[in-house]
Amino acid sequence: MSRQENQSASDPVGVDPVEAGRRRFLQMAVATGIAFQLGVGTADAGQPNLIKQLWQKQPLQVWMLEAARIEQTFSDGSILPYHRYRALGSTPVAGSVPVLTGAPGEILRVRMRNSLSYTIRPMIVGGMLGPTIAPGEVVTLDLVVPTEGTWLLTDELLGDAAGPMGLGAVIISRPHKNGLRGGRRSSVLGYDREYVLLYVDSDDRWNTAIDTGLLPDYTTYEPNYHTVNNLTFPDTASDPGTLITCQVGERVLLRMCNLGWVRQSVHFHGYHVDIQRINNQPQSIFGPKDTIPLPGHTTLEALLTVNQPGVFPVHPHSLTTTTDNGLYIGGQITLISAT
Amino acid sequence: MAGLGTIVQSNYSVVSRMSGSQNIGGQPVGVWYFDRGTSFQGFMNDRQFPSAHLEIIQGQTSNIMFQNMSPMDHTIHLHGLDVDQQNDGVPATSFSVPRMGSYTYQFLAPHAGTYHYHCHVDTVIHYHRGMSGAIIVRPPDSSITRAWDGGPTFDEEVLWHLMTYDLTWADILNSGTGTARHRPDVFMINGFSSAQARTDLYSRLVATVGQRIYLRILNASYQWGRVRLAGLPFDVVASDGRPMQQVVSATSWEIGPGERYDLLLTPTAPISADATVEYLDDWTGAVLGTAATRLEIT
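About the thresholds
Residues numbered from 1 in each chain as written. Chains lettered and ligands numbered in written order. Predicted model: local features only at pLDDT ≥ 70, side-chain atom pairs only at ≥ 80, totals over all residues. Helix = DSSP H or I, 4+ residues; strand = E, 2+ residues; numbered from the N terminus. Buried ≥ 20, exposed ≤ 12 C-beta atoms within 10 Å, placed from the backbone. Contact = placed C-beta atoms within 7 Å. Rg over C-alpha atoms; globule rule 2.2 N^0.38 Å. Pairing = 2+ DSSP bridges. Axes fitted to C-alpha atoms, helices over the stretch in contact; angles between N-to-C directions. Arc of directions from axis to C-beta. Nonpolar A, V, L, I, M, F, W, Y, C, P; charged D, E, K, R; others polar. Domains from an automatic or database assignment. Core = buried A, V, L, I, M, F, W, Y, C linked by C-beta atoms within 7 Å. pLDDT = per-residue confidence, 0-100.

Draft legend 1. Expanded view of the overall build of chain A. Helix and strand counts for chain A stand at 4 helices and 21 strands. In chain A, which comprises 339 residues, the share counted as buried stands at 55%. Sequence-distant contacts, at least 24 apart, represent 70% of the contacts inside chain A between residues at least 6 apart.

Draft legend 2. Representation of the overall build of chain B within the structure. When you go through chain B residue by residue, the secondary structure sums to 2 helices and 19 strands. Radius of gyration (C-alpha) of chain B: 18 Å, near the 19 Å computed for a compact globule of 298 residues. The principal-axis extents of the C-alpha atoms in chain B amount to approximately 55 × 40 × 35 Å. Burial status across chain B gives 56% buried among its 298 residues.

Draft legend 3. Quick peek at the pairing of strand E3 (residues 54-57) of chain B. Residues and elements named next belong to chain B. The alternating pattern of E3 places Leu54 and Ile56 on one face and Glu55 and Ile57 on the opposite face, and all of these are buried. Two strands pair when backbone bridges link them, and E3 and strand E8 (residues 132-138) are joined in this way by 4 bridges, in the parallel orientation. In the strand pairing of E8, Ile56 is matched with Val137.

Draft legend 4. Highlighting the sheet that holds strand E19 (residues 287-297) of chain B. Residue and element names in this part refer to chain B. Sheet architecture is open: 5 strands sit in the order E11-E19-E18-E13-E16, paired in mixed fashion. In this open sheet, the two strands that pair with only one neighbour each are strand E11 (205-207) and strand E16 (252-255). Taken pair by pair, the neighbouring strands of this sheet meet at an average axis angle of 20°, ignoring direction.

Draft legend 5. Just helix H4 (residues 204-211) of chain A, in detail. Residues and elements named next belong to chain A. Listing the buried residues of H4 in full gives Trp206, Asn207 and Ile210. Viewed along the axis of H4, the buried residues span an arc of 95°, placing them on a single side of the element. On its buried face, H4 sits against strand E3 (79-88), helix H3 (162-165) and strand E11 (193-202). Phi turns positive one or two residues past the end of H4, at Gly213, with a value near 85°.

Draft legend 6. Layout of the interface of chain B and chain A. Contacts between the two partners involve 45 residues from chain B and, on the opposite side, 44 residues from chain A. Among the elements that make up the side of chain B that touches chain A, the one with the highest residue count is strand E15 (residues 242-250) of chain B (8 residues). By residue class, the composition of the side of chain B that touches chain A is 15 nonpolar, 20 polar and 10 charged.

Draft legend 7. Broad picture of the domain arrangement of chain B. Residue and element names in this part refer to chain B. Domains assigned within chain B are domain 1 (11-138) and domain 2 (156-297). A separation of 20 Å is found between the C-alpha centroids of domain 1 and domain 2. Across the boundary between the two partners, domain 1 contributes 27 residues, which contact 27 residues of domain 2. Here the side of domain 1 that touches domain 2 is composed, by residue class, of 12 nonpolar, 12 polar and 3 charged.

Draft legend 8. Looking closely at the sheet that holds strand E21 (residues 334-338) of chain A. All names here are of chain A. The mixed open sheet is built from 5 strands, whose spatial order is E13-E21-E20-E15-E18. Two strands in the sheet have a free side with no partner beyond their single neighbour: strand E13 (244-246) and strand E18 (291-294). Here the strands of the sheet are splayed against their neighbours by 20° on average, with no regard to which way each runs. Inspection of the sheet shows strand E15 (residues 264-268) paired to E18 by 4 bridges, in the antiparallel sense.

Draft legend 9. Representation of the domain arrangement of chain A. Residue and element names in this part refer to chain A. For chain A, the domain assignment lists domain 1 (30-173) and domain 2 (193-338). Domain 1 puts 31 residues into the contact, and the matching count from domain 2 is 39 residues. For the side of domain 1 that touches domain 2, the elements supplying multiple residues, two or more each, are E3, strand E4 (93-94), strand E5 (97-102), strand E9 (149-155), H3 and strand E10 (169-173). Residue classes in the side of domain 1 that touches domain 2 are distributed as 16 nonpolar, 12 polar and 3 charged.

Draft legend 10. View of unusual backbone geometry. The omega torsion across Tyr328 of chain A and Ile329 of chain A is 15°, close enough to zero to call that bond cis. Inspection of the secondary structure puts Ile329 of chain A in the loop between strand E20 (310-316) and E21. Along the chain, Phe49 of chain B connects to Pro50 of chain B via a cis peptide bond; the corresponding omega equals 5°. Its location among the elements puts Pro50 of chain B in the loop between strand E2 (27-35) and E3. Positive phi is not limited to glycine here, since Asn279 of chain A has a value of about 50°. Inspection of the secondary structure assignment puts Asn279 of chain A in the loop between strand E16 (273-278) and strand E17 (281-282).

Draft legend 11. The arrangement of the nonpolar core in detail. Grouped together as the largest cluster of nonpolar side chains are 174 residues, with contacts concentrated most on Val170 and Leu198 of chain A. Aside from chain neighbours lying at most four places away, what touches Val170 of chain A is Val97, Val99, Thr150, Leu152, Leu153, Val196, Leu198, Arg255 and Cys257 of chain A.

Draft legend 12. Quick peek at the environment of Gln196 of chain B. Within the secondary structure, Gln196 of chain B is located in helix H2 (residues 194-197). A C-alpha to C-alpha distance of 29 Å links Gln196 of chain B and Ile76 of chain B, two positions 120 residues apart in sequence.

Draft legend 13. Local environment of the pairing of E15 of chain B. Both strand E14 (residues 234-239) of chain B and E15 of chain B contribute to a ladder of 5 bridges, which runs antiparallel. Pairing of Asp235 of chain B across the sheet is with Ser249 of chain B, part of E15 of chain B.

Draft legend 14. Molecular detail of the environment of Ser21 of chain B. Residue and element names in this part refer to chain B. Here Ser21 shows up in strand E1 (residues 11-24). Along the backbone, Ser21 and Val31 are 10 residues apart, and their C-alpha atoms lie at a distance of 5.3 Å. For Ser21, the residues in contact, after removing those within four places along its chain, are Pro28, Val29, Gly30, Val31 and Gln48.

Draft legend 15. Summary view of the confidence of the model for chain B. Scored by pLDDT, chain B has a mean of 97; 100% of the residues are at 70 or more. ipTM for the predicted complex: 0.98, alongside a pTM of 0.91.

Draft legend 16. Structural context of the environment of His53 of chain B. All names here are of chain B. One can find His53 in the loop between E2 and E3. The exposure class of His53 is buried, given the 28 C-beta atoms found within 10 Å. Through-space distance from the C-alpha of His53 to that of Leu4 is 9.0 Å; in sequence the pair is 49 residues apart.

Draft legend 17. Quick look at the confidence of the model for chain A. Residue and element names in this part refer to chain A. With 78% of its residues at a pLDDT of 70 or more, chain A has an overall mean of 83. Overall, residues 1-57 carries pLDDT values under 50, and its contacts beyond four positions in sequence, including any with other chains, amount to 99 contacts. Taken as a whole, residues 178-185 scores under 50 in pLDDT and shows 15 contacts with residues more than four places along the chain or in a different chain.

Set out below in structure tokens:
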């Protein structure tokens, strides 16, 4: 996936910004100490084994997740099995996607129950691996929040199938104070609101096979169901975490994440947006764009400056993604509603 | 100038038609398209697939007087022009134009560049069947040799409207299970496969050494396209109607569905070779097929 071939390795201008971002992302993840710390490995037992110095250094937030089998009904009447992280307790969501937030370097405690029939192993894309979690087990993970940006949490053992099965969550890393408008400690321009949009593509044949314990034929993957925040249009337009609600004059940071395989190209009606970071690395190649590249397993932060009122769709332009198994209108369409 | 720059104006009559026919992949296919009013022709007044392109002027109010002369509802979505909700052409947020109905889309184009328009009714099938065209916004002085105020100048200008076609979709009228998966078997530039595109006056890149060719590319396919100009280096100067923050020098460039890129090629030696678009599988990145035209530099 290279946009051009003749660039100099030392010349950042000549490097595919998406691919280069992915490489830097992988390098940086190691260097910046993205880490899990394993707590207790038995179901609901005992106190978590925190690293003392980190405990003293930072207050803890506790998020509760369950890896669970979930059935979703689509507009064409089909029911697909997914294996998703389900947010429990007060864990926040966009749609039904868990969104964990913390400041860089802070400890996030994630208490995760595995209600699936197989062992899982949480993983931050571009980051470190967590512990294995057996079926029925509850494990407390202490997560050092990565550098500022948007990160995907998914599963290492499910591998390529984790995307289509929807096994993903989003980690937002931003300074505690002044993270929004005029954030002095934010490398992104100040913003008034933020939204998470997690794109997942699925092939019903794959999901059914994996759900029944079979290995899918990797050569035949052709997605026919497409979700944003685990929803499809028009449900995306009624979910407060997915309908992008804003006011003229505001700046909205869109944390766009592609957990899927499809190399997306997402079009904004009504507005151009400024791509701030790709895989948490600043980009300085593109000017304002109305259609932005979003490859699989990539995060991208785009700043929307709301300069007109109205209701406008946002959707990938490989248009089968705007359908439910071919039936338009559905799929990965969400709306911006600006007053 | 490969058919560009002959009509630059702010007001257009655009008519939708569902009675077209074009040879696609060696067989006649019924196509749906927009023409400029009376010609019963789409792209460059020469073919019905894809739709006609429009050239308008930055800073002026444009009026697209749309007549739906077909048996289905349609709209015109002005892709990338950031128009208001009323003129956005999305039935779910505004309205569709009923058969035999009309509406005048009105907007002001604030930036010179390469844009797109298409029907947004049952989009997955209407778009595929041909209801999409390019819009070029000229600078305020209507120049056809300068990309934008303060932007690069050029001697030749070519538009590539990238498309792929799944022949199993050829007779589909409405979306459904038949449009769940797009498996293209025809790969085109400006509605032509390689055999025709190599001789197509509107697709070929023809210039003399030292001249500057401005290539506007709109990807109206459902796949990513990788563009190569016979290995020659070119500058990527604009995307989606805005200058690049940094001009990128490259020998190939990948363009996502719905994206537009403007490339500037300044050949330094004679060459006669293929210029190509490789269409890529969305998830594996494999080349599904290639469309080629000719690069002729004398």
